[in-house]
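Topology and contacts: notes
Spelled out, the chains give:
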Amino acid sequence: MNKKIYLDNASTTPVDEKVLKAMEPYFNEKYGNPSSIHSFGQEARVGIDDARQKVADFLNCEAEEIIFTGSATEANNIFILGVLNSYEDSHVITSPIEHDAVLETVKESGADFTVLPVDKNGFVSLEDLEEAINEKTVLVSIMYANNEIGAIQEIKKMGELISKKNKDRERKIRFHTDAAQAAGYLNCDVDSLNVDGLTLSGHKIYGPKGIGALYKNSSVDIDPIIFGGGQEMGIRSGTYNTPLIVGMGKAVELIEKEREKEKTEKLRDYLIDQVLKLKGTSLNGPRKRRLSNNANFSFEGAEGESIVLMFDQEGVAVSTGSACSSNNLEASHVLRAIGLKDLEAHSSLRVSLGRNTTKKDIDFFLELLPKIITSLRKISGR
Amino acid sequence: MKKSYSDKAMKHFLNPENMGEIEDADGVGEVGNPRCGDLMTIYIKVKDDTIKEMRFKTLGCAAAIATSDMICEMAQGKKIEDALKITFQDLVDNLGSLPQTKVHCADLAQKGLKAAVEDYESKK
Ligand code: FES
C-alpha cells in the first residue's frame, strides 16, 4: 500500500511529540496524587498548576477560571446543566448545528429551549438571536466553528449583544461557546469574545484524548453535576489526571507557535478549487468565514461511506455525513440543518487538514478522487 | 485486526462483477431504502423460469453494493422460485461479515430481486 495520508483532523489529531514528552514523567516518575501534601503530591501539583496557567494564558483569563474535565462533552454538560440547574423555569437558546454534546444536553435538561435557524452556510443571525431572548432566558450556547462544515459564528458580536441585554436584566444571560474545533485556528480570548463559558478539547489540538477544559467566568455560579472529593473548585470531582492535564497544557501552549493558519488555508482553498472542477460536485458550508482546515463536498451519484472506504483502500482517511455511515442511519443533522436534500447529505465527504498535511498529500487525494467518484457513479448508474 | 467488513465483502464492493444494466431485460425492479436513502435497480433476463442473467445498479454503501453483487451471483442460473428463496442470511453468510448496522442493506437486495420478478410476471 501507499503511504498513509490522514485527512480527518476534525475527527482527531495525533499527539504532538512535545506533548507526549511533557506527559511522560507524570505516569511513573511524578505519580503522586496532586491533592497530597508530601513531595510526591506536590511535584505533581506543580505540573497541574503550570498546565492551568498555560490554558488561562491562551484564553486570557484567571487560572482559577479553568476547570479540567474528562472531555469536551463533559465540559459542555457541566456548564450547560450547571447554569440551567441553578434556576427554576429557565430558557436556553442554541443552534441546530451544535455538536450532540450540546444539543442532547439541552434537550435532556428539561429547560425550555429555542433552536435558532441557520442559513444555507450554517450561520446564525444576530437578529434571530436577539428575537429569541425572553425574560426566562439564562443561557445561550452557540458553537464557535462547526466541525462538519467549518462555519465560524460571530461569537464576539453575539457576546456584545448579550452583555448589552444583561445591563438592564436582573436575570443575567450566560453565554457559552464550544470552541473544540475553533481553538486550533481562531482567537480564543474570552475577554474580547465576551463569553462566560468556553469549551476546549485536548485531542483536537494535538493533545491527548480523554481531556477537555472548561472556562467558567468567576462571576458565574454553577451547580456541580459530579460530586465527590471537591477537586476543580468543587465543580469536577475526581482524582486529577495529571499526565493528561499536563498534556492538555502543553498542547494549548503549542497552538500559537505551531499554528500555520495561512499555509493550511491556502492548501484548503486549492483543494476546494480543484475538487469543484469535477462535474456534479458541490461545496457544503461557506466559502468565507470558514475554519481554515475544513472542506466538505457532495458528489452526485456516489454515496459517502462508499467513497470513504474506497479512499481507505488507498490509504487515505476522510469522513462523511451520510446516513449509511451513522449508527442510527440518519444523515448528519448539520447537513440537514443547512438545507441539504437527503441525497446530497448521502453523498457528502469531509476533508479536514492538519499541521502535517502537505501539498503532496492533497495532490494525491486529488489524483484519486475522480477515479473513485467515476467508479462509484458507474456502479450507481447515475 | 477484526474488520467490520470481511475481505470477501470488500472484494464484492470494490470489484462488483455484476454491476450494470441489461438493455432488453425481462424484468426490472427499482427499490429504495427509506431509512438511509439508497437506490437500487435490479435487471433480470429470464428463460424457462430460470434467471439467466442478472445485473444491478446501486447507489448506496459498501454493504448495499456488495449484497447487490452477491444476490446476482447467487440468483443467476436458479429457477425464479428458488432465487426468491435466497434469504438475507444467505447473503450475509456468503459475504462473510457485514457491520451490524448494515443488515438492512441485504434486505434491500432481496426486495430488488422480488420487484424485478414481479415486473417480469406482470409483463408475461
Ligand atoms: S445502503 Fe445505506 S446503509 Fe447500506
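Residues numbered from 1 in each chain as written. Chains lettered and ligands numbered in written order. Predicted model: local features only at pLDDT ≥ 70, side-chain atom pairs only at ≥ 80, totals over all residues. Heavy atoms only, no water.

1. Focus: the interface of chain B and chain A
Note: interface size is frequently given as the accessible area lost on complex formation between the parts. Facing 22 residues of chain B, the contacting portion of chain A comprises 22 residues. Roughly 1,900 Å² of surface becomes buried between chain B and chain A when both sides are summed, with 67% attributable to carbon and sulfur atoms. Our count for the chain B to chain A interface comes out at one salt bridge. Notably, a salt bridge pairs Glu 305 of chain A with Lys 102 of chain B, separated by 2.7 Å at the nearest N-O pair. At the boundary of chain B with chain A, the tally comes to eight residue pairs in polar contact (both at pLDDT 80 or more). (Contact = heavy atoms within 4.5 Å. Buried area = accessible area lost by both parts, 1.4 Å probe. Salt bridge = Lys/Arg side-chain N within 4 Å of Asp/Glu carboxyl O. Polar contact = N/O pair within 3.5 Å; in protein donor to acceptor, adjacent residues only side chain to side chain.)

2. A word on the sheet that holds strand S3 (residues 50-59) of chain B
In sheet architecture, strand pairing relies on hydrogen bonds along the backbone and comes in two forms, parallel and antiparallel. Residue and element names in this part refer to chain B. The three strands lie next to each other as S1-S2-S3, forming an open sheet whose pairing is antiparallel. If you trace the sheet from one side to the other, it starts and ends with strand S1 (27-33) and S3, each paired once. Between one strand axis and the next, the sheet turns through 20° on average, direction left out of account. Relative to S3, strand S2 (residues 38-47) is paired through nine bridges, and the arrangement is antiparallel. Directly across from Ile 44, in S3, lies its bridge partner Met 54. Running over the sheet, helix H5 (residues 103-123) touches S1, S2 and S3 and is turned about 145° from S1. (Pairing = 2+ DSSP bridges. Helix = DSSP H or I, 4+ residues; strand = E, 2+ residues; numbered from the N terminus. Axes fitted to C-alpha atoms, helices over the stretch in contact; angles between N-to-C directions.)

3. Examining the domain arrangement of chain A
Residue and element names in this part refer to chain A. Structurally, chain A comprises domain 1 (5-13 + 256-380) and domain 2 (17-253). Between domain 1 and domain 2, the contact holds 32 residues from the first and 36 residues from the second. Summing the contributions of domain 1 and of domain 2, the shared interface buries around 2,800 Å²; its carbon and sulfur component is 50%. The tally of links between domain 1 and domain 2 comes to zero salt bridges. Applying the counting criterion to the domain 1 and domain 2 interface returns 16 residue pairs in polar contact (both at pLDDT 80 or more). (Domains from an automatic or database assignment.)

4. Overview of the pairing of S2 of chain B
All names here are of chain B. Where burial is concerned, most of S2 is hidden: seven out of the 10 residues are buried. Where S1 and S2 come together, seven bridges link them in antiparallel fashion. Bridge pairing in S2 places Gly 32 opposite Leu 39. (Buried < 20%, exposed > 50% of the residue type's maximum accessible area, 1.4 Å probe, protein only.)

5. Observations regarding a negative patch on the surface
Taken together, the side chains of Asp 48, Asp 49, Glu 81, Glu 118 and Glu 121 of chain B present a region of like negative charge at the surface. By the element assignment, Glu 81 of chain B lies in helix H3 (residues 80-83). (Patch = residues over 30% accessible without salt bridge, like charges linked within 9 Å, V, L, I, M, F, W, Y side chains within 5 Å. Areas by Shrake-Rupley, 256 points an atom, 1.4 Å probe, with all protein chains shown as cover. Lys, Arg positive; Asp, Glu negative; His and termini not counted. Charge placed at Lys NZ, Arg CZ, Asp CG, Glu CD.)

6. Concerning the state of the cysteines
For the structure shown, the criterion picks out zero disulfides over all chains. There is no disulfide at Cys 188 of chain A, and the cysteine sulfur nearest it, in Cys 61 of chain A, is 11 Å away. (Disulfide = S-S within 2.5 Å.)

7. Some words on the packing of helix H10 (residues 261-275) of chain A against helix H14 (residues 359-380) of chain A
Residue and element names in this part refer to chain A. Relative orientation of the contacting elements H10 and H14 amounts to 15°, with a least axis distance of 10 Å. Between H10 and H14, the crossing angle belongs to the class labelled roughly parallel. Between H10 and H14 the crossing geometry is right-handed. Contact residues: H10 offers Leu 267, Tyr 270, Leu 271, Gln 274 and Val 275, while H14 offers Lys 359, Ile 362, Asp 363, Phe 365, Leu 366 and Leu 369. Among the residues making up the contact of H10 with H14, the classes are represented as eight nonpolar, one polar and two charged. (Parallel < 35°, antiparallel > 145°, perpendicular 65-115°, else oblique. Left-handed = near helix turned anticlockwise from the far one by under 90°. Nonpolar A, V, L, I, M, F, W, Y, C, P; charged D, E, K, R; others polar.)

8. Topic: the pairing of strand S2 (residues 66-69) of chain A
Residues and elements named next belong to chain A. Alternating residues of S2 divide into Ile 66 and Phe 68 and Ile 67 and Thr 69, and every residue in both groups is buried. Across four bridges, the pairing between S2 and strand S8 (residues 212-216) is antiparallel. Directly across from Ile 66, in S8, lies its bridge partner Tyr 215.

9. A short note on the sheet that holds strand S5 (residues 137-141) of chain A
Residue and element names in this part refer to chain A. A sheet is described by the order of its strands in space; here seven strands give the open sequence S2-S8-S7-S6-S5-S3-S4, paired in mixed fashion. The open sheet has two free edges, formed respectively by S2 and strand S4 (112-115), since each of these has just one partner strand. Across the sheet, the mean angle from the axis of one strand to that of its neighbour is 20°, orientation sign disregarded. Summarising the sheet, strand S3 (residues 91-94) and S4 pair through four bridges and their orientation is parallel. Residue pairing for S4: His 91 is matched across the bridge by Asp 112.

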